[in-house]
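Structure at a glance
What follows is the residue order along each chain.
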Amino acid sequence: MVGSTFDIAVIGGGIAGLTAAHHAALAGLSVAHYLEHGLPGGLVMNVGALDGWPATNAVAGAELAAGLQAQNEELGVTLVPSRVDAVEGGAVKVLCGPDGTWRARQVIVASGAALKTLDAPGAERLAGRGVSQCAWCDGGLYRGAGVVVVGGGDAALSEALHLGQFAGSVTVVTRGDMFRARRSYVTRIAGDERYQLRWASEITEVLGGDAVEAVRLRDRETGSEEVVACRGLFVFVGLVPNAGLLGAEVARDAAGFVVTDAHFETALPGVFAIGAIRSGYGGRLTQAVAEATTAAELAAARCEA
Ligand SMILES: Cc1cc2nc3c(=O)[nH]c(=O)nc-3n(C[C@H](O)[C@H](O)[C@H](O)COP(=O)(O)OP(=O)(O)OC[C@H]3O[C@@H](n4cnc5c(N)ncnc54)[C@H](O)[C@@H]3O)c2cc1C
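Residues numbered from 1 in each chain as written. Predicted model: local features only at pLDDT ≥ 70, side-chain atom pairs only at ≥ 80, totals over all residues. Heavy atoms only, no water.

What follows concerns the overall build of the chain. Helix and strand content of the chain: six helices and 17 strands. Relative to the compact-globule value of 19 Å for 305 residues, the chain shows a C-alpha radius of gyration of 21 Å, a close match. Overall, the chain is about 60 × 40 × 35 Å in size when its C-alpha atoms are taken along their principal axes. Here the chain holds 305 residues, and 49% of them are scored as buried. (Helix = DSSP H or I, 4+ residues; strand = E, 2+ residues; numbered from the N terminus. Rg over C-alpha atoms; globule rule 2.2 N^0.38 Å. Buried < 20%, exposed > 50% of the residue type's maximum accessible area, 1.4 Å probe, protein only.)

Right, dumping it as structure tokens:
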């Protein structure tokens, strides 16, 4: 059923979407905010202490998301606890989901990205039995044990630093010959004997019966192999965009991230893409907030024109 037409629809309940809905509502417009499973937070939902977020105290991702959502409700944002499966362009856009069809004059897509899984034998079979993508959720299970973190970016190193508080040893495996992460993370890890670093290496197999017991590594330069005993394997090897709701007329880059112009508008007029779904997004919450603010203000101006 098609209901009333909103001025602005915001899709995705991560920090980008929450911020966009907030600024659109501050502009005095009618705003519908679509939250998959009714839950805000996105990628930082389980992060216990955010880095680089301007606040006077440590802030957890769940706390930030819940606070933003509460403010949005006070501002009159209509929360729709639904996924959106398709966005159709036109003067009035049509959004389709499993539970209904909605209309909006401008659409801001902030459906973010999902953590890539590890493409190695054993990784899928042992998911949830030692293979994890959340150190803040599962780190406490590995007190005194050996764990392996695979990945070389901010997420991998920040989670490795958290694991270092519990684990007996943390081996960080990265395909490159340097980390891509914030320098402060690299400095802390490089100077701490609890961390063993494996450069230019990849995991070729996750070993174990009912649970992870070890990983097999291959040195990409020499081809030599090594088996590292561990009870936990934490995988942060990049992101896959949640872009399936946008049609083929919306340009993507080679990795599937949505291409926009400098004002975050996609090839579909009046449909914006911000945050982790966007090609060229810098990967930090403050950048998600900046993109959300710009897109919301431009979408609002279009509604008022
Ligand atoms: C482990 C980890 C730790 C991090 N720590 C920090 C940090 O400390 N500081 C920092 O600055 N950055 C950090 N980041 C990066 C930060 O998480 C991201 O840059 C940011 O969360 C991106 O926000 P987003 O709203 O664009 O996307 P997301 O967080 O991915 O949110 C997208 C939301 O949209 C929903 N969604 C997906 N598809 C649909 C659909 N079809 N319909 C409706 N909803 C949909 C998803 O369920 C999700 O809730 C971290 C990332 C990771 C992985």
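Now that the structure has been shown, the text picks up again.
Moving on to the state of the cysteines. Within the structure shown, the criterion is met by one disulfide. With a sulfur-sulfur separation of 2.0 Å, Cys134 is cross-linked through a disulfide to Cys137. Measuring the twist about the S-S bond at about 75°, one finds the Cys134-Cys137 disulfide to be right-handed. Judged by relative accessible area, which is 12%, Cys134 ranks as buried. When its relative accessible area of 42% is taken as the criterion, Cys137 is described as partly exposed. Cys96 takes part in no disulfide bond, and the closest cysteine sulfur, belonging to Cys303, lies 19 Å away. You can call Cys96 partly exposed: its relative accessible area is 21%. Free of any disulfide, Cys230 has its nearest neighbouring cysteine sulfur in Cys134, separated by 17 Å. With relative accessibility at 4%, the residue Cys230 sits in the buried group. (Disulfide = S-S within 2.5 Å.)

Moving on, we come to the sheet that holds strand β13 (residues 214-219). Reading across the sheet, the three strands line up as β12-β13-β14 and stay open at both edges, with antiparallel pairing between neighbours. Looking at the sheet topology across the chains shown, the edges are occupied by β12 (201-207) and β14 (225-229). The average undirected angle you get between the axes of adjacent strands in this sheet is 30°. (Pairing = 2+ DSSP bridges. Axes fitted to C-alpha atoms, helices over the stretch in contact; angles between N-to-C directions.)

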